[in-house]
Amino acid sequence: MNKKIQAALISVFYKDGLEKIVQQLAGLGITIYSTGGTQTFIEQLGVKVIPVEDLTTYPSILGGRVKTLHPSVFGGILGKREDAVHRQEMAQYNIPEIDLVIVDLYPFEETLASTNDEKLIIEKIDIGGPSMIRAAAKNFKDVVVIAAKKDYATLEELLAAQHGETTLEQRKSFAAKAFEVVAHYDVAIAKYFNPVAPLYFFESINHPKAMRYGENPHQPGVFYGDLHKLFTQLNGKELSYNNLVDVDAAFQLIKEFSVTTFGIIKHTNVCGIAQRPTVKESWDAALAGDPESAFGGVLVCNSHIDRATSEAISEIFFEVLIATSFDDDALMILKSKKNRIILQLNHQPTNKEQYKSVLNGVLVQGTDAGSFAEWKEMGGRESLPAEKEDLMFANLVCKHLKSNAIALVKNKQLIGKGCGQTSRIDSLRQAVEKAKQFNFDLKGAIMASDAFFPFNDCVKLGHQAGISAFIQPGGSIRDNDSIEYCKENKLVMIITGMRHFKH
C-alpha cells in the first residue's frame, strides 16, 4: 500500500548529504520537525522547520540528554493510521502524524576508538536516536525510517520518482536496515561494558562483501569487515574465500618476525620460509624449501620488494603476493599478469579473539600470542648461540602448521615440514622425506614440535636423520624418556611450556 509523506522528523549528528533531501521535502510541501543543530542547519538552508519543542512544550533539558522522549513525538511515529482508537487519541492530544524519520546515532564507536575518557564515551551513548529509529521501524506500515547516511541517495531517488509516496515493500526494506543499525550500535555498547565475560556471543561487523563462492563452488560465501584498513590491492582479480583464508594465515605468520623474512603459504600451512640479509636471498631460500608446494601459493614478505626479487618471483605461478612496499619497476613486472593479486600491507589485524562455528554454537578463544612460556635446557648439552636462533625460529614456524606439526629448520630456513597428520611420528617422517626430496642435509638441523612428544620415538628418528637439537612444549607423562635420550646422545632439548595446536 502506497503512503504519502505529510510530515518528517529529522535529527542527525552528521549533516553531510542532507541538503538535497531537505530541499526536496520542502518542495513537496512536507512539514519538517527538527531539533538543536539539525534545526539550525535546516533554517540556514532557508527552509521552514518546526522545533520539536513546539510539539512537546518542553525545552531540551539535562544538557541535551532529553529532547525527543515525549508522547507527542513517539505517538506521532507509532500511531497506527488504520486504527480508529489510535486516530482518536492522537486527535485528542494534538499529536501530528509523522511519516518520515531521518535519524542517525551519536558516534559511540568513533569516540571509543579515539579516547579512553569514560565521561566522553558515556555521553556518546544515544538514547533518543535508537528509540525513534526502533519506533519508526516497528511502524513500517505507515512510516519511512532512514537510519544511515548511506540510504540518503535511495531516499532522494524515491522522493523524486514517486513524489513523496512510498510503497509498503520500500518501507519494510528501510525498517530492516534500521533494526540492523541499532543492533550493531547496541552490540558495540554492550561489548564496552562487558568485554571479558559477556552472557551472550556478541559480534557485529559491517561492510559485507559477497564472495564468488565459499570454500567450494557450491557453497555461498560472504566476508564481513573492512579490508582496506589492512592492505591496498594494487593488482589482480577479486580475493576469493580461499584467498582470504590464506592471506589471513600469511598475515599471522609474518607478524611473528621483525627482520627480513619471506614466507610461502599453501592451504594455510607454511610451505617455505627463510630469513636472509636481503629480500631476494630470503625469497630464494624460502622457495628452495619446497618449490613444488609453492605453486599457486600466497607469498608474504615483511620488507620492500625490489626489481630483482620481483623478477625471481615472477618465474613461478602464485595467487597472492603481500609486502610492505614495492619499487615502481618491480610493480610493473608483477602487474604483467592481470590476475596476480598484489597487496600492500598497511596494518596488521589487532584481533585478540578467534571464533569458530561448531555444532549449534560458537567457540571463542584468545589468539595464540607468544612463542614460549619458559626456556628450559633439558638435554645433554646447552644450545649454542646459532642453534638457539634456529630453535626460536623453528618454534615460531611450527606454530603456523596444522597439528600434528613438525618443522625442520637449518640456518633460519624451513627445510622440511610435516603437518596435519594423525600421529606425530608420521608428521616427522613426512618432514624428513620432504627434506630429502629437495636434497637438504639434516646434519645439525633443528626440530620443532607444536606439542609434546608422547614417546621418545620422535627424538630417536630425528637423531638418526642428523637432527641435533629439539624444541617442544613438554607436558607428557613420558617427557623423561625423550629427555634422557637427548642426555645420553649429547643432544639439545628445549622445553617451552607453551603448546601451539592448530586445527
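Residues numbered from 1 in each chain as written. Predicted model: local features only at pLDDT ≥ 70, side-chain atom pairs only at ≥ 80, totals over all residues. Heavy atoms only, no water.

Undergrad: Explanation requested: a nonpolar patch on the surface in the structure shown.
TA: A grouping of Phe201, Tyr355, Val362 and Val364 is seen on the molecular surface, where their side chains present a nonpolar patch of about 340 Å² in accessible area. Within the element layout of this structure, Val362 appears in strand E19 (residues 361-366). By relative accessible area, which is 41% here, Val362 ends up partly exposed. (Patch = residues over 30% accessible without salt bridge, like charges linked within 9 Å, V, L, I, M, F, W, Y side chains within 5 Å. Areas by Shrake-Rupley, 256 points an atom, 1.4 Å probe, with all protein chains shown as cover. Salt bridge = Lys/Arg side-chain N within 4 Å of Asp/Glu carboxyl O. Helix = DSSP H or I, 4+ residues; strand = E, 2+ residues; numbered from the N terminus. Buried < 20%, exposed > 50% of the residue type's maximum accessible area, 1.4 Å probe, protein only.)

Undergrad: Please clarify how unusual backbone geometry should be interpreted in this entry.
TA: Most peptide bonds take the trans form, and the phi angle of most residues other than glycine is negative. Cis rather than trans, the peptide bond between Ser403 and Asn404 has omega equal to -10 degrees. Tracing the backbone through its elements, the reader meets Asn404 in the loop between helix H15 (385-398) and strand E21 (406-409). At His207, a position not held by glycine, the phi torsion is positive, near 60 degrees. Owing to a relative accessible area of 43%, His207 belongs among the partly exposed residues under this scheme.

Undergrad: Which parts of the structure should I look at to understand the sheet that holds strand E25 (residues 492-495)?
TA: Backbone-to-backbone hydrogen bonds pair the strands of a sheet. The strands run either parallel or antiparallel. Pairing is mixed in the open sheet, where six strands are placed in the order E20-E25-E24-E23-E21-E22. Of all strands in the sheet, those bounded by a partner on one side alone are strand E20 (376-377) and strand E22 (414-418). In this structure, E20 lies alongside E25, joined through two bridges in antiparallel fashion. The partner of Lys376 across the bridge, within E25, is Ile495. The sheet strands contacting helix H16 (residues 424-437) are E21, E22 and strand E23 (446-449), and the helix crosses E22 at an angle near 145 degrees. (Pairing = 2+ DSSP bridges. Contact = heavy atoms within 4.5 Å. Axes fitted to C-alpha atoms, helices over the stretch in contact; angles between N-to-C directions.)

Undergrad: How do you make sense of the pairing of strand E24 (residues 469-472) when you look at a structure like this?
TA: Successive side chains on a regular strand alternate, one facing one side of the sheet and the next facing the other. What you see with E24 is no split at all: Ala469 and Ile471 on one side and Phe470 and Gln472 on the other are buried throughout. Pairing between E23 and E24: three bridges, direction parallel. The residue of E24 that forms the bridge with Met447 is Phe470. The parallel pair E23 and E24 is bridged by helix H17 (residues 457-465), and the resulting crossover is right-handed. Relative to E25, E24 runs parallel, the two being bridged by four bridges. The residue bridging Ala469 from the neighbouring strand is Val492, located in E25. (Right-handed = clockwise from strand over helix to strand, strands pointing away.)

Undergrad: Honestly, the nonpolar core in this entry has me stumped. Any pointers?
TA: As a rule of thumb, nonpolar side chains are buried together in soluble globular proteins. By size, the foremost hydrophobic cluster in this structure holds 53 residues, and its most contacted members are Ile10, Leu25, Ile77, Leu100 and Ile102. Considering each element in turn, this core owes the most residues, seven residues, to helix H10 (residues 168-193). Setting aside anything within four residues of it in sequence, one finds Leu25 in contact with Ala8, Ile10, Ile30, Ile32, Leu100 and Leu159. In this structure, Leu343, Leu401, Val409 and Ile494 belong to the second largest nonpolar core, which totals 41 residues. (Core = buried A, V, L, I, M, F, W, Y, C linked by side-chain atoms within 4.5 Å.)

Undergrad: It is not clear to me how H15 should be interpreted in this structure. Could you clarify?
TA: Side chains that are three or four residues apart share a direction in an α-helix, a result of its 3.6 residues per turn. The end-to-end C-alpha distance of H15, which contains 14 residues, comes to 20 Å, matching closely the 20 Å that a straight helix rising 1.5 Å per residue would cover. Along H15, the residues that are buried comprise Glu387, Asp390, Leu391, Phe393, Ala394, Asn395, Leu396, Val397 and Cys398. Its buried side turned inward, H15 meets strand E12 (269-275), E21, E22, E23, E24 and E25. (Expected span 1.5 Å × (residues − 1).)

Undergrad: Whenever I open this one, the sheet that holds strand E5 (residues 100-103) confuses me. Can you help?
TA: The strand order E4-E3-E2-E5-E6 describes an open sheet built from five strands, whose pairing is parallel. Each end of this open sheet is capped by a strand with a single partner; those strands are strand E4 (50-51) and strand E6 (144-146). Bridge count for strand E2 (residues 7-11) against E5 is four bridges, and the pairing is parallel. Bridged to Leu9 within E5 is Val101. In the packing of helix H1 (residues 19-27) onto the sheet, contacts are made with E2, strand E3 (31-34) and E5, and the angle to E2 comes to roughly 160 degrees. Most of the contacts of helix H2 (residues 36-44) go to E3, to which it runs at about 140 degrees, and overall it touches E2, E3 and E4.

Undergrad: Honestly, the pairing of E3 in this entry has me stumped. Any pointers?
TA: Pairing analysis gives four bridges linking E2 to E3, with the strands arranged parallel. Considered in E3, the bridge of Ala7 is made with Thr31. The β-α-β motif built from E2, the intervening H1 and the parallel element E3 has right-handed crossover chirality. Bridge count between E3 and E4: two bridges; the pairing is parallel. Its bridge partner lying in E4, Tyr33 is registered against Ile50. In this view, the connection linking E3 to its parallel neighbour E4 by way of H2 has right-handed handedness.

Undergrad: Explain the packing of H16 against H17 to me, please; I cannot follow it from the model alone.
TA: To characterise two packed helices, one gives the angle between the axes of the helices and the distance between these axes. Look at H16 against H17: their axes get within 9 Å of each other, and the N-to-C directions meet at 15 degrees. Considering the angle they form, H16 stands roughly parallel to H17. In this structure, the crossing between H16 and H17 has a hand that is right-handed. For the pair H16 and H17, contact is made by Arg424, Ile425, Leu428, Arg429 and Val432 and by Asp457, Cys458, Leu461, Gly462 and Ala465, respectively. In terms of residue class, the contact of H16 with H17 is made up of six nonpolar, one polar and three charged. (Parallel < 35°, antiparallel > 145°, perpendicular 65-115°, else oblique. Left-handed = near helix turned anticlockwise from the far one by under 90°. Nonpolar A, V, L, I, M, F, W, Y, C, P; charged D, E, K, R; others polar.)

Note that all results are geometric; they support no functional claim without further evidence.
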